[in-house]
Amino acid sequence: MFQKNKTKPTMSYNLLKGKQGIIFGALDEHSIAWKTAERVHAEGGNIVLTNAPIAMRMGEINKLAEKTNSQIIPADATSIEDLENLVTRAMEILGGKLDFVLHSIGMSVNVRKGRRYTDQKYEWTQKGWDVSALSFHKTMQVLYQKDAMNEWGSIVALTYMAAQRVFPDYNDMADNKAYLESIARSFGYFFGMHKKVRVNTISQSPTPTTAGKGVKGFDGFMAYAEKMSPLGNATALDCANYTVSLFSDLTKKVTLQNLYNDGGFSNIGVSNAVMEAFIKD
Ligand SMILES: NC(=O)c1ccc[n+]([C@@H]2O[C@H](COP(=O)([O-])OP(=O)(O)OC[C@H]3O[C@@H](n4cnc5c(N)ncnc54)[C@H](O)[C@@H]3O)[C@@H](O)[C@H]2O)c1
């Protein structure tokens, strides 16, 4: 007689067995990069973790390194020198070229210091752009020039839909994300043509992390997105899982894409749940 397999389905499928790479941006356990590192490790991947030296002072990342059996190399992602050191050392530690890289970095000084979009301090605008957008180009340029990626490797950066549509309090980060997404396409062309490496961005739902909660009115905004999205907001873990699929061999021909991981929010005009708030009687 047919016996149904009653063992609990496991979340891990060894999708990244034998693969290795760098994960930027794990600040604490809420970070999307943190969840991604845990999932990549569970799927058999080997990782080098990195973050800005200033973020290391919190010491949280050591816990993640222990959990995922990985080493940490500090790097300010705006510094070519730091990035060169990171990529060289990561290849030494991992014993070869890289199969995946996650860019999970964002910061706006204008947002942090409460300057509105109509009253920017441009030094801060430039700093935020360098950290949040140009750092992706710098990272890829270092990887490209050092020929650090294996063929059929995968590079992913995280973005938000304010690159396409207006979300007033997202401030200058909207412009940074538009720039970041464009870099993914432009550099993705060269990486595809010359190195057989794919480059994509994941456009993620609002997620309660340090960077996310820094945006004015974040809680209301998250609740609104939840009510608008047929599948609800995507969590940090959902994003980590999607990233694993993009690092795996199951998505080899997906490149130059901005991929929405948002429960359907980006294609919704209005939902009944949101309409109810406006219907009288
Ligand atoms: N949280 C959200 O609602 C949301 C939604 C869509 C996209 N994203 C994007 O996801 C990514 C990860 O953010 P998160 O939400 O996990 O928040 P987070 O605050 O946990 O992560 C942001 C990371 O950027 C790092 N960073 C800042 N300056 C840096 C520098 N100079 N060099 C290297 N690293 C630096 C920080 O140390 C931190 O680890 C960002 O690109 C963010 O814009 C977030």
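Residues numbered from 1 in each chain as written. Predicted model: local features only at pLDDT ≥ 70, side-chain atom pairs only at ≥ 80, totals over all residues. Heavy atoms only, no water.

A. Up close: the overall build of the chain. A tally of helices and strands in the chain yields 11 helices and 7 strands. For 281 residues, the compact-globule estimate of 2.2 N^0.38 gives 19 Å, and the chain sits close to it at 19 Å. Here the chain holds 281 residues, and 49% of them are scored as buried. For the chain, the computed accessible surface area is about 14600 Å², with 53% contributed by carbon and sulfur atoms. Within the chain, the 28 negative side-chain charges are centred at a point lying 3 Å from the centre of the 32 positive side-chain charges. (Helix = DSSP H or I, 4+ residues; strand = E, 2+ residues; numbered from the N terminus. Rg over C-alpha atoms; globule rule 2.2 N^0.38 Å. Buried < 20%, exposed > 50% of the residue type's maximum accessible area, 1.4 Å probe, protein only. Areas by Shrake-Rupley, 256 points an atom, 1.4 Å probe, with all protein chains shown as cover. Lys, Arg positive; Asp, Glu negative; His and termini not counted. Charge placed at Lys NZ, Arg CZ, Asp CG, Glu CD.)

B. Quick peek at the layout of surface pockets. Its boundaries defined by the atoms lining it, the largest pocket holds a volume of some 1200 Å³. In terms of lining, the largest pocket is formed by 43 residues, of which the most central are Ser104, Ile105, Gly106, Met107 and Ala211. Elements with a minimum of two residues in the lining of the largest pocket: helix 1 (32–42), helix 2 (53–56), helix 5 (109–112), helix 6 (122–145), strand 5 (149–159), helix 7 (173–195), helix 8 (210–213) and helix 9 (218–228). Here the lining of the largest pocket is built from residues that sort into 23 nonpolar, 16 polar and 4 charged. Of the volumes computed, that of the second largest pocket is approximately 200 Å³. (1 Å grid on protein atoms, 1.4 Å probe; cavity = no way out; pocket = protein on both sides within 12 Å on 5 of 7 lines; lining within 4 Å. Points joined across faces, edges and corners; volume = space filled by probe spheres on them. Nonpolar A, V, L, I, M, F, W, Y, C, P; charged D, E, K, R; others polar.)

C. Geometry of the site of the ligand. Near the ligand lie 27 residues; those nearest to it are Ser31, Asn51, Lys177, Thr207 and Thr209. Separating an oxygen atom of the ligand from a side-chain N or O atom of serine 31 is a distance of 2.6 Å. Taking lysine 177, its side chain carries an N or O atom lying 2.8 Å from an oxygen atom of the ligand. When the free accessible area of the ligand is taken as 830 Å², the share hidden by the protein chains comes to 92%. Of the pockets mapped on this structure, the ligand occupies the largest pocket. Of all the secondary-structure elements, those providing two or more residues to the shell around the ligand are strand 5 and helix 8. (Near = heavy atom within 4 Å. Polar contact = N/O pair within 3.5 Å; in protein donor to acceptor, adjacent residues only side chain to side chain. Sits in = over half its atoms within 2 Å of the grid points.)

By themselves, these are just geometric observations and shouldn't be taken as functional.
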